[in-house]
Amino acid sequence: MIKLAIIGPTASGKSDLAIKIAKNVNAYILSIDSLSIYKEIDIVSAKPSQKELQEVKHFGINLLNPDEYFSVEIFINLYKEVVERCKSDAKNLIIVGGTSFYLKSLMSGLSEIPKITKKTVLHVEQRLNNLEDCYDFLYKIDKEYISKIAPNDRYRIEKALLIYEASKLTPSEWFRQNPPKPIIKNLPLYNIDVSRDILRERITKRTYKMLKAGLIDEVCRLEQKYTRLPHSMNSIGIVEVLEYLDGKATKDEMLQNISTHTAQLAKRQQTFNRTQFENVTNAPLEKLEEIILSKI
């Protein structure tokens, strides 16, 4: 089975390229995108269209409700399931997306986490109503681990609490007993090399396209159904629309803020891809398809 990964910053054209390659090499696509995995977050996540999803079988898209817990561990289990599906269906696999941390975790390994029940999740969510108390508690029981986390980093504080509540071990002790193991080795990596000026232009165009597609209405529906509490509701594109709805920004300011924050995300993604991976083939979008097909 052929496996390869296409990485690059947001709005660089990864999804379109992956679909083209998948059609050529009889492949399924596994999305590594922290927003596309959620149902109903369609415009904000810029996930492939229904037509594109029908053209090539995608995994990692529309799996969870926006208020459901998601972590890299869930993604790793999904990867294992997708590999087995590819084998049984005699398909190749293309991994594509902007959340390269998930890909890094597959290649470098990640410690398993204890089994987390819904009851544990609900209990931790209640405790997180007082984030300061949660941080102080974790600092007392595991200064080694929590000192590396900012007091306002709700996501990582939540993860530490979930580990403790589920295992009754401090996070440091849990990770000592469960060292990381690489899941995948020798994966060909292809990175879309794009200048920041071109990327900013593409991001601006995409932001206006999202508005015309019904961005504000989508965020209104999400807020009404799920409130603002879920982690997914803190995503770029949602936060700025909520600020607009609260009267804190004009529509033009909202669009500018989305574009600016997306460009900042793209810059972080480019830095991550450049510093965290080795033996990467870098090329502009218009050349990468030919390069990939020539190496398969």
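Structural data are supplied above this passage.
Before going into details, it helps to say that this report is about the structure given with it.

Conventions adopted
Residues numbered from 1 in each chain as written. Predicted model: local features only at pLDDT ≥ 70, side-chain atom pairs only at ≥ 80, totals over all residues. Heavy atoms only, no water. Helix = DSSP H or I, 4+ residues; strand = E, 2+ residues; numbered from the N terminus. Buried < 20%, exposed > 50% of the residue type's maximum accessible area, 1.4 Å probe, protein only. Contact = heavy atoms within 4.5 Å. Areas by Shrake-Rupley, 256 points an atom, 1.4 Å probe, with all protein chains shown as cover. Lys, Arg positive; Asp, Glu negative; His and termini not counted. Charge placed at Lys NZ, Arg CZ, Asp CG, Glu CD. Pairing = 2+ DSSP bridges. Axes fitted to C-alpha atoms, helices over the stretch in contact; angles between N-to-C directions. Core = buried A, V, L, I, M, F, W, Y, C linked by side-chain atoms within 4.5 Å.

## Observations concerning the overall build of the protein
Moving on, step 1. Of regular secondary structure, the protein possesses 14 helices and 6 strands.
Moving on, step 2. Each of the three principal axes of the protein carries a C-alpha extent, and together these read 55 × 50 × 30 Å.
Moving on, step 3. Across the 296 residues in the protein, those meeting the buried criterion constitute 46%.
Moving on, step 4. Here the analysis covers contacts within the protein between residues at least 6 apart in sequence; of these, 77% occur between residues at least 24 apart.
Moving on, step 5. With the model as given, the accessible surface of the protein reaches about 15,800 Å², and the carbon-plus-sulfur share is 48%.
Moving on, step 6. Averaging the positions of the 44 positive and the 38 negative side-chain charges in the protein gives two centres separated by 4 Å.

## Digging into the sheet that holds strand S4 (residues 92-96)
Moving on, step 1. Taken in spatial order, the 6 strands line up as S3-S2-S4-S1-S5-S6 in an open sheet, and their pairing is parallel. This sheet does not close on itself; its edge strands, each paired only once, are strand S3 (58-59) and strand S6 (280-283).
Moving on, step 2. As judged from the 5 bridges shared by strand S2 (residues 27-31) and S4, these two strands associate in the parallel manner. In the strand pairing of S4, Ile29 is matched with Ile94.
Moving on, step 3. The strands touched by helix H1 (residues 14-25) within the sheet are strand S1 (3-7), S2, S3, S4 and strand S5 (189-192), with S4 carrying the most contacts at an inclination of about 175°.

## Comments concerning the nonpolar core
Moving on, step 1. Counting residues in hydrophobic clusters, the biggest one holds 45 residues, and the most contacted among them are Leu30, Ile95 and Leu103.
Moving on, step 2. Mapped by element, the contributors of at least two residues to this core are S1, S2, helix H3 (72-89), S4, helix H4 (100-108), helix H11 (215-226), helix H12 (238-245) and helix H13 (251-276).
Moving on, step 3. The element contributing the most residues to this core is H3, with 8 residues.
Moving on, step 4. If sequence neighbours within four positions are ignored, Leu30 has contacts with Phe59, Gly60, Phe75, Leu78, Tyr79, Val82, Leu93, Ile94, Ile95 and Val96.
Moving on, step 5. Within the second largest apolar cluster, 18 residues are counted, among which are Ala18, Val25, Val96 and Ile292.

## Regarding unusual backbone geometry
Moving on, step 1. Positive phi, normally seen in glycine, also occurs at Ala90, with a value near 55°.
Moving on, step 2. Relative to the assigned elements, Ala90 resides in the loop between H3 and S4.

## A word on the environment of Ile183
Moving on, step 1. Within the element layout of this structure, Ile183 appears in the loop between helix H9 (171-177) and S5.
Moving on, step 2. The residues touching Ile183, leaving out its near neighbours within four places in the chain, are Ile76, Tyr79, Lys80 and Leu106.

## Quick notes on the side chain of Gln270
Moving on, step 1. Structurally, Gln270 is set in helix H13.
Moving on, step 2. The contacts of Gln270, once residues within four sequence positions are left out, are Pro9, Val194, Arg196 and Leu199.

What is shown is where atoms sit, not what they do.
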